[in-house]
Amino acid sequence: MDIKYLYINTIGCQMNVYDSRQIACELKSLGYIETKSPDKADLIILNTCSIREKAQEKAFSFLGRLATLKKKKPNLIIGVGGCVAQQEGRNIIKRVPFINIVFGTRAISRLPHLISRVESTNSRIVDIEMPDIMPETINEQSFERASQGPVSNFITIMRGCDNYCTYCVVPHVRGRETSRSPQNIIRDIRNFVKTGTKEVTLLGQNVNSFGKKENLCSFPKLLSQVNDINGLSRIRFTTSHPKDFSEELMYAFRDLEKLCNHLHLPVQSGSNKILKRMNRKYTKELYIEKIEKLRKLRPDISVTSDMIVGFPGETDADFEETLGLMKTVGFDGLFAFIYSDRPNTRASEFSDKIPEKEKKERLQKLLDMQEAITRKKNRNHVGKIESILVEGMSKKHGNVIDKGINEIQWTGRTSTNKIVNFTNGHSQSKGTAFIDSSKEEIATGILIDVRIEKAFSHSLSGKAVTPGPLLNTYKGEKAYVA
Ligand code: SAH
Ligand code: SF4
Ligand code: F3S
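Given the structure is predicted, the values throughout are model-derived calculations rather than measurements.

Draft legend 1. Region of the structure containing the overall build of the chain. Helix and strand content of the chain: 15 helices and 19 strands. Residues counted as buried form 56% of the 482 residues belonging to the chain. For the chain, restricting intrachain contacts to residue pairs at least 6 apart in sequence, the fraction spanning at least 24 positions comes to 74%. Carbon and sulfur atoms make up 51% of the accessible area of the chain, which totals about 21700 Å².

Here is the structure:
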């Protein structure tokens, strides 16, 4: 089989990142290996996101840039997948004449078949069929091999969404909610662990309703099974919906030692009127009550959230309620978005839209307030010792040769999901820092205690206090400090 090169551009959420990895695995069967250079590629796949207008525009601007490449290389195959592909289908082929394949969010397992048809017949194909049941067709062997390496890995445990929040395109582009079997999930995570994974994030649009339709085990029961996997250090999940955030899950936070100290629980607004129009099915009071209960069970948990500003009909008073909720809860971090009309959603038909200028002003006000809260929260960590899962050398200071040894920075996250850049805290003899990628592997994936010294708005920094196979290596010496 000839070697052919595949370049994947992924836009959007972690689900798309996971899907892209699956795409790469599926296409190995046709002889494609991944490249980081689009110029070298024989096949380019764009995995798209439709959550907001901007994400969709990003996809079309990337496709625009491919025009010259396709002219230079007429045999180049270009495929568009993901949420915009599902939503627009044939329109994409019409709008961008050089696209060969448009495939939807549930067509990944059919991709090798589609690509070989294009290779042999040069036809243009659209496959946006969306079966309610997702067959589990991932080629186990190749999936295992492709998942080699990452200390922190994702696993999709359910697909689709049935909640129909009025602003959201996801139920339309990802289809009905379906859960994967717990056995397959556990099998996949075990395989990840065999290849070096220490932390796994379970993905779904609403993980709390895991298994309900199919009568599988509950989400907290699944978490407990994952907790029992030897060799795994940390478990995270995203996203759970406040309306379904159950007491059982709160107890999981109390009882499962591998479950990280972090909950991402999108609230979207602090106004009950707006929450109702969003079809969120909870009130501000219920949200606050759930967070308070959880904090009683796990006092040091960090809580992050998503917020939409400028939803149709949002008055100044509604927005003030959102700011009020932020003060009451004190989020560790917040992802805030300007409301954006999406195709086929109910909110896109609401008439009382908020002017762009107003939306932007509200967003800025909200971000300023959150920045102050985050800084304060982060400052609380200063002086404390945190357990960090080492993800590698930090981009800024890693791989620096011939610099003072203290300059070598490593990076990782706290259990509360805060990024920490840190250096070795031990006394050291003189020498030249000699770090190469093989040495980096020695430290990556270990848990290490770090004393936090400084807090910023998006990260923390500090010094390691646990001696271990980390940090300083000298020419000719082993990568060991102890
Ligand atoms: N399933 C997740 C959210 C997935 S989308 C959940 O329910 O929490 C991620 C975030 O994008 C949402 O939480 C919301 O804050 C934002 N979002 C979704 N649709 C949007 C829209 N039309 N305009 C602006 N932000 C939107
Ligand atoms: Fe979208 Fe709501 Fe489903 Fe989240 S729960 S994916 S916001 S419809
Ligand atoms: Fe975007 Fe689709 Fe994820 S719309 S946020 S890529 S589910």
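After that view, the rundown keeps rolling.
Draft legend 2. Structural detail: helix α5 (residues 111-121). Among the residues of α5, L111, P112, L114, I115 and V118 are the ones counted as buried. End-on view of α5: buried residues confined to an arc of 165°, all on one side of the axis. For α5, exposure combined with an orientation more than 90 degrees from the buried face picks out H113 and S120. Of the residues one or two after α5, N122 is the one with positive phi, at around 60°.

Draft legend 3. Examining the packing of aromatic side chains more closely. Scanning the model with the defined rule gives seven aromatic pairs in all. An aromatic cluster of three or more residues is present, and its members are Y167, F311, Y339 and F350. Over the ring of Y5 we find K40; its NZ or CZ atom is 4.3 Å from the centre of that ring. Directly above the aromatic system of F350 lies the positively charged group of R277, at a separation of 4.6 Å from the ring centroid.

Draft legend 4. Representation of the environment of N91 in the model. Position of N91 among the secondary structure elements: in helix α4 (residues 90-95). Between the C-alpha atom of N91 and that of V126, which follows or precedes it by 35 residues, the distance is 9.8 Å.

Draft legend 5. Seen up close, the site of ligand 1. Taken together, the neighbourhood of ligand 1 is formed by 15 residues, with Q205, P266, Q268, D306 and S340 sitting nearest. D306 places a side-chain nitrogen or oxygen 2.6 Å from an oxygen atom of ligand 1. Contact distances for ligand 1 include 2.8 Å between a nitrogen atom and a backbone N or O atom of S340. Contact with the protein chains covers 89% of the free accessible surface of ligand 1, which is 550 Å². For the shell around ligand 1, the secondary-structure elements that each account for two or more residues are β13 (302-309) and β14 (333-338). Considering only residue class, the shell around ligand 1 consists of seven nonpolar, four polar and four charged.

Draft legend 6. Structural detail: the side chain of R106. Tracing the sequence through the fold places R106 in the loop between β5 (101-103) and α5. At 2.8 Å, the side chain of R106 and the backbone oxygen of R174 are in polar contact. Among the polar contacts made by the side chain of R106, one reaches the main-chain carbonyl oxygen of R176 at a distance of 2.6 Å.

Draft legend 7. Structural view of the pattern of salt bridges. Within this structure, the stated rule accounts for 28 salt bridges. With a closest N to O distance of 2.8 Å, K213 and D162 form a salt bridge. Of the two residues, K213 is situated in the loop between β10 (199-203) and α9 (219-227) and D162 in the loop between β8 (158-159) and α7 (170-174); the sequence distance between them amounts to 51 residues. Here E356 and K359 are joined by a salt bridge, their closest N and O atoms 3.0 Å apart. Here the residue E356 and the residue K359 both occupy positions in helix α14 (residues 356-379), the gap between them amounting to three residues, near one helical turn. A network of salt bridges, in which partner residues are shared, links E314, D316, E358 and R362.

Draft legend 8. Representation of the packing of helix α13 (residues 316-329) against α14. Contact geometry of α13 with α14 gives a least axis separation of 11 Å together with a crossing angle of 15°. Judged by the angle between their axes, α13 and α14 are roughly parallel. Viewed along their axes, α13 and α14 form a crossing whose handedness is right-handed. In contact with D316, F319, E320, T322, L323, M326 and K327 of α13, α14 contributes E358, R362, K365, L366, M369, Q370 and I373. Each residue belonging to the contact of α13 with α14 can be placed in one class, and the counts come to six nonpolar, two polar and six charged.

Draft legend 9. Broad picture of the packing of α9 against helix α10 (residues 247-255). The geometry of α9 relative to α10 is characterised by a closest axis approach of 9 Å and an angle of 20° between their N-to-C directions. Taken together, the axis directions place α9 and α10 in an arrangement best described as roughly parallel. In this structure, the crossing between α9 and α10 has a hand that is left-handed. Contacts between α9 and α10 involve F219, P220, K221 and L223 from the first element and E248, L249 and A252 from the second.

Draft legend 10. Main features of α10. Along α10, the residues that are buried comprise L249, M250, A252 and F253. Take α10 and look down its axis: the buried residues cluster within an arc of 150°, on one side only. Where α10 is buried, its residues touch α9, β11 (234-238), β12 (262-264) and α12 (284-297).

Draft legend 11. Representation of the sheet that holds strand β6 (residues 125-127). If you walk across this open sheet you meet the six strands as β2-β1-β3-β4-β5-β6, and the pairing is parallel. Strands with a single pairing partner mark the edges of an open sheet, and in this sheet they are β2 (32-34) and β6. Averaged over neighbouring strand pairs, the angle between their axes works out to 20° when direction is ignored. Here strand β3 (residues 43-48) runs beside strand β4 (residues 77-82); their pairing, made up of six bridges, is parallel. Counted as the bridge partner of I44 is I78 from β4. The sheet contacts of α5 involve β1 (4-10), β2, β3, β4, β5 and β6, and relative to β5 the element is tilted by about 165°.

About the thresholds
- Residues numbered from 1 in each chain as written.
- Chains lettered and ligands numbered in written order.
- Predicted model: local features only at pLDDT ≥ 70, side-chain atom pairs only at ≥ 80, totals over all residues.
- Heavy atoms only, no water.
- Helix = DSSP H or I, 4+ residues; strand = E, 2+ residues; numbered from the N terminus.
- Buried < 20%, exposed > 50% of the residue type's maximum accessible area, 1.4 Å probe, protein only.
- Contact = heavy atoms within 4.5 Å.
- Areas by Shrake-Rupley, 256 points an atom, 1.4 Å probe, with all protein chains shown as cover.
- Arc of directions from axis to C-beta.
- Phe/Tyr/Trp six-rings, centres within 6.5 Å; stacked < 30°, edge-to-face > 60°.
- Lys NZ or Arg CZ within 6 Å of the ring centre and 35° of its normal.
- Near = heavy atom within 4 Å.
- Polar contact = N/O pair within 3.5 Å; in protein donor to acceptor, adjacent residues only side chain to side chain.
- Nonpolar A, V, L, I, M, F, W, Y, C, P; charged D, E, K, R; others polar.
- Salt bridge = Lys/Arg side-chain N within 4 Å of Asp/Glu carboxyl O.
- Axes fitted to C-alpha atoms, helices over the stretch in contact; angles between N-to-C directions.
- Parallel < 35°, antiparallel > 145°, perpendicular 65-115°, else oblique.
- Left-handed = near helix turned anticlockwise from the far one by under 90°.
- Pairing = 2+ DSSP bridges.

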